[in-house]
Amino acid sequence: MNWIEIEKKDYMQVFERLPITLIKGRGMYVRDDKGKRYLDFVAGIAVVSLGHCHPVLVKAINQQSHLLLHTSNLFYTTPQLKLAEVLIKNSDMQRVFLANSGAEAVEGVVKLARRWGHLKLNGAYEVISANNSFHGRTLAMVAATGQPKFQHPYEPMPTGFINVPYNDINAIKEATTDKTCAVLLEPIQGEGGVNIPHPDYLKQAREWCDKKNLLLLLDEVQTGVGRCGTLFAYKQSGIIPDAVALAKGLAGGIPIGAVLATEKASVFAKGEHGTTFGGNALSCAASCAVLNYIIKNDLPSHSSNIGDLMIDGLKKLQMEFPCITDVRGKGLLMAMQFEQDIAKDVALACLDMGLLVNNLKPNLLRFIPPLIVQPKDIDKALSILQKALRKVTG
Ligand SMILES: *Cc1c(COP(=O)(O)O)cnc(C)c1O
């Protein structure tokens, strides 16, 4: 079967895919339909947190699939409430709502903020978010996403979102009016290019929100669940947000999203929000297994240490290849930026040599391996990357 031809014929042409068809995976590796093996530094876009088909996750899915898959939220189910307990116990939040994706989770925190505005701020409804952010693909989240390329195809945008420069507290202050109800930020911008703000940025945003009685909403869909060296990235800035959106790595590859909020910000009343699939038994059992494994094995610390190791290696490559203009990251969310638009060529050369990396932008590669990545995997990835860079630049 020529799956690439079938995709071209049958599937909506919205994705820029690399030319391989993946069939199976185990740990750090995936295999394509021709039997070729690849070391995976994409991890399903920071989703496959325990690597591919981790026995702990497979077992949890298997057991739950024999027991109960879905009941709706018209009833109580145990995996959902077990997951709620783990999330509450390990965050500074007091309440959970479970959804199915990142966009839904972020939209959930925005809906909380709209309720907050209605109840506490005379109907204020505007949410300030950042340029180069990414919050998902629903129409409202596209409006929150401060990138014209996502917005232009669907204009006019839903109202109530103000995009301001990232990492600039004064921009947030200047955009605040009596219509503002919340500030929505990623602790590090993921899709926007692994943009790391000043260490005080979130603290300044927290102080401003406190002063104006606004909610501080954090989109930790990409940065959360251990990826950046702590279970939640916000832990590194010494603040507590009012609400947090999680998804991606939360269930290791099974779709899920989570809205977490403090008691103060948990202002939904009965019937004001809901979902059919969100919080279903299968995804919650998967998420419990993943989250408990991450916590028990302290994968956030591992992520921090091994991320430092990889950054060191990337910096060595930067000394060898002057076309690399920047190397940056926190934990296992890392990027390499080039002077020219060679990221796709480098990614294709890596692919050829059995390494998956993400050419996030024409001039930028992103590295987001599973949290279980070991030093030997880093060595191998760096060595392939070096060969690929020699090939493309030489
Ligand atoms: C991926 C991502 C989303 C959207 O998640 P989906 O599951 O694709 O809807 C939202 N916010 C951030 C920060 C993300 O990285």
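Before going into details, it helps to say that this report is about the structure given with it. Worth saying up front: this structure is predicted, and the values here are computed from it rather than measured.

Some remarks on the overall build of the protein chain
Moving on, step 1. Helix and strand counts for the protein chain stand at 13 helices and 15 strands.
Moving on, step 2. Over its C-alpha atoms the protein chain spans a radius of gyration of 21 Å, differing by no more than 12% from the 21 Å that the globule rule assigns to 394 residues.
Moving on, step 3. Here the C-alpha coordinates of the protein chain stretch approximately 60 × 50 × 45 Å along the principal axes.
Moving on, step 4. In the protein chain, buried positions account for 53% of the 394 residues.
Moving on, step 5. Counting only contacts in the protein chain whose residues sit at least 6 apart along the sequence, the fraction spanning at least 24 positions is 71%.
Moving on, step 6. Positive and negative side-chain charges in the protein chain, numbering 43 and 37 respectively, have mean positions lying 5 Å apart.

A word on the sheet that holds strand S14 (residues 358–361)
Moving on, step 1. The strand order across the open sheet formed by 4 strands is S11-S12-S15-S14, and the pairing between neighbours is antiparallel. The outermost strands of the open sheet, each flanked by one partner alone, are strand S11 (324–330) and S14. Between one strand and the next, the sheet's axes are offset by a mean angle of 25°, whatever the strand orientation.
Moving on, step 2. Where strand S12 (residues 333–338) meets strand S15 (residues 364–367), 4 bridges bridge the pair, whose relative direction is antiparallel.

Describing the packing of helix H12 (residues 343–352) against helix H13 (residues 375–393)
Moving on, step 1. Packing of H12 against H13 brings their axes to within 9 Å, and their N-to-C directions diverge by 125°. Classified by the angle their axes make, H12 and H13 are oblique. Taken as a pair, H12 and H13 cross one another with a handedness that is right-handed. Every residue of H13 that contacts H12 at Asp345, Val346, Ala349, Cys350 and Asp352 is listed here: Ile384, Leu385, Ala388, Leu389, Lys391 and Val392.
Moving on, step 2. By residue class, the composition of the contact of H12 with H13 is 8 nonpolar, no polar and 3 charged.

Looking at the side chain of Thr262
Moving on, step 1. Positionally, Thr262 belongs in the loop between strand S10 (257–261) and helix H10 (281–296).
Moving on, step 2. Residue classification places Thr262 among the buried positions, given a relative accessible area of 11%.
Moving on, step 3. When neighbours within four sequence positions are excluded, Thr262 is seen to be in contact with Asp92, Met93, Gln94, Ile240, Pro241 and Asp242.

Observations concerning the layout of surface pockets
Moving on, step 1. When its volume is computed, the second largest pocket comes out at roughly 1,000 Å³.
Moving on, step 2. Forming the boundary of the second largest pocket are 26 residues, of which Gln80, Arg95, Val96, Phe97 and Lys270 lie nearest the centre.
Moving on, step 3. Within the residue set of the lining of the second largest pocket, elements represented by two or more residues are helix H4 (78–89), strand S4 (95–99) and S10.
Moving on, step 4. A class-by-class count of the residues in the lining of the second largest pocket yields 14 nonpolar, 10 polar and 2 charged.

Brief notes about the environment of Gln189
Moving on, step 1. Along the polypeptide, Gln189 turns up in the loop between strand S7 (180–185) and helix H9 (201–212).
Moving on, step 2. We classify Gln189 as buried; its relative accessible area is 1%.
Moving on, step 3. With 130 residues separating them along the chain, Gln189 and Lys59 place their C-alpha atoms 33 Å apart.
Moving on, step 4. Contact partners of Gln189, with chain neighbours within four places excluded, come to Ala130, Asn131, Asn132, Ser133, Tyr166, Val194 and Asn195.
Moving on, step 5. Separated by 2.9 Å, the side chain of Gln189 and the backbone oxygen of Asn131 make a polar contact.
Moving on, step 6. Here the side chain of Gln189 touches Asn195 through a polar contact of 2.9 Å, side chain to side chain.

So, empty space enclosed by the protein
Moving on, step 1. According to the stated counting rule, one finds 2 cavities of 30 Å³ or more in the structure shown.
Moving on, step 2. If you trace the largest cavity, you find it lined by His70, Thr71, Ser72, Asn73, Thr77, Gln80, Thr276, Gly278, Gly279, Asn280 and Ala281.
Moving on, step 3. The class makeup of the residues in the lining of the largest cavity is 1 nonpolar, 10 polar and no charged.
Moving on, step 4. By volume, the second largest cavity is sized at about 40 Å³.
Moving on, step 5. In this structure, the second largest cavity is lined by Ala46, Ser49, Gln222, Gly224, Val225, Arg227, Gly249 and Leu371.

Here we look at the site of the ligand
Moving on, step 1. The local shell around the ligand consists of Ser101, Gly102, Ala103, Phe134, His135, Gly136, Glu186, Asp219, Val221, Gln222 and Lys248.
Moving on, step 2. Within the backbone of Ala103, an N or O atom sits 2.7 Å from an oxygen atom of the ligand.
Moving on, step 3. Note that a nitrogen atom of the ligand is positioned 2.7 Å from one of the side-chain N or O atoms of Asp219.
Moving on, step 4. For the shell around the ligand, the class distribution of residues is 3 nonpolar, 5 polar and 3 charged.

Notes on a positive patch on the surface
Moving on, step 1. Together, Lys24, Arg31, Arg37 and Lys380 make up a positively charged patch on the protein surface.
Moving on, step 2. Mapped onto the elements, Lys380 comes out in helix H13.
Moving on, step 3. Of the residues examined, Lys380 reaches a relative accessible area of 37% and is grouped as partly exposed.

Points about the packing of aromatic side chains
Each aromatic ring pair is described using two quantities: the centre-to-centre distance and the angle formed by the ring planes.
Moving on, step 1. In this structure the tally under the stated criterion is 4 aromatic pairs.
Moving on, step 2. An angle of 40° between the planes, with centres 6.4 Å apart, marks the rings of Tyr11 and Phe15 as tilted.
Moving on, step 3. Above the ring of Tyr11, the side-chain terminus of Arg17 is found at 5.1 Å from the ring centroid.

Quick word on the sheet that holds strand S2 (residues 29–32)
Moving on, step 1. Taken together, the 4 strands give an open sheet; going across it, the order is S1-S2-S3-S13, and neighbouring strands pair in mixed fashion. Each having just a single partner strand, strand S1 (22–26) and strand S13 (355–356) make up the two edges of the open sheet.
Moving on, step 2. Sheet topology note: the S1/S2 ladder contains 4 bridges and is antiparallel. For Leu22, the partnering residue across the bridge sits in S2 and is Asp32.

A short note on H4
Moving on, step 1. With 12 residues, H4 should cover 16 Å at 1.5 Å per step; its first-to-last C-alpha distance of 16 Å lies within 8% of that length.
Moving on, step 2. Of the residues making up H4, those classed as buried are Pro79, Gln80, Leu83, Ala84, Val86 and Leu87. One side of H4 carries all its buried residues, which in axial view fall inside an arc of 165°. Facing away from the buried side of H4 by more than 90 degrees, the exposed set consists of Thr78, Lys82, Glu85 and Lys89.
Moving on, step 3. Each element contacted by the buried residues of H4 is listed here: helix H3 (55–67), S4, strand S9 (243–246), S10 and H10.

Rules behind the numbers
Residues numbered from 1 in each chain as written. Predicted model: local features only at pLDDT ≥ 70, side-chain atom pairs only at ≥ 80, totals over all residues. Heavy atoms only, no water. Helix = DSSP H or I, 4+ residues; strand = E, 2+ residues; numbered from the N terminus. Rg over C-alpha atoms; globule rule 2.2 N^0.38 Å. Buried < 20%, exposed > 50% of the residue type's maximum accessible area, 1.4 Å probe, protein only. Contact = heavy atoms within 4.5 Å. Lys, Arg positive; Asp, Glu negative; His and termini not counted. Charge placed at Lys NZ, Arg CZ, Asp CG, Glu CD. Pairing = 2+ DSSP bridges. Axes fitted to C-alpha atoms, helices over the stretch in contact; angles between N-to-C directions. Parallel < 35°, antiparallel > 145°, perpendicular 65-115°, else oblique. Left-handed = near helix turned anticlockwise from the far one by under 90°. Nonpolar A, V, L, I, M, F, W, Y, C, P; charged D, E, K, R; others polar. 1 Å grid on protein atoms, 1.4 Å probe; cavity = no way out; pocket = protein on both sides within 12 Å on 5 of 7 lines; lining within 4 Å. Points joined across faces, edges and corners; volume = space filled by probe spheres on them. Polar contact = N/O pair within 3.5 Å; in protein donor to acceptor, adjacent residues only side chain to side chain. Near = heavy atom within 4 Å. Patch = residues over 30% accessible without salt bridge, like charges linked within 9 Å, V, L, I, M, F, W, Y side chains within 5 Å. Areas by Shrake-Rupley, 256 points an atom, 1.4 Å probe, with all protein chains shown as cover. Salt bridge = Lys/Arg side-chain N within 4 Å of Asp/Glu carboxyl O. Phe/Tyr/Trp six-rings, centres within 6.5 Å; stacked < 30°, edge-to-face > 60°. Lys NZ or Arg CZ within 6 Å of the ring centre and 35° of its normal. Expected span 1.5 Å × (residues − 1). Arc of directions from axis to C-beta.

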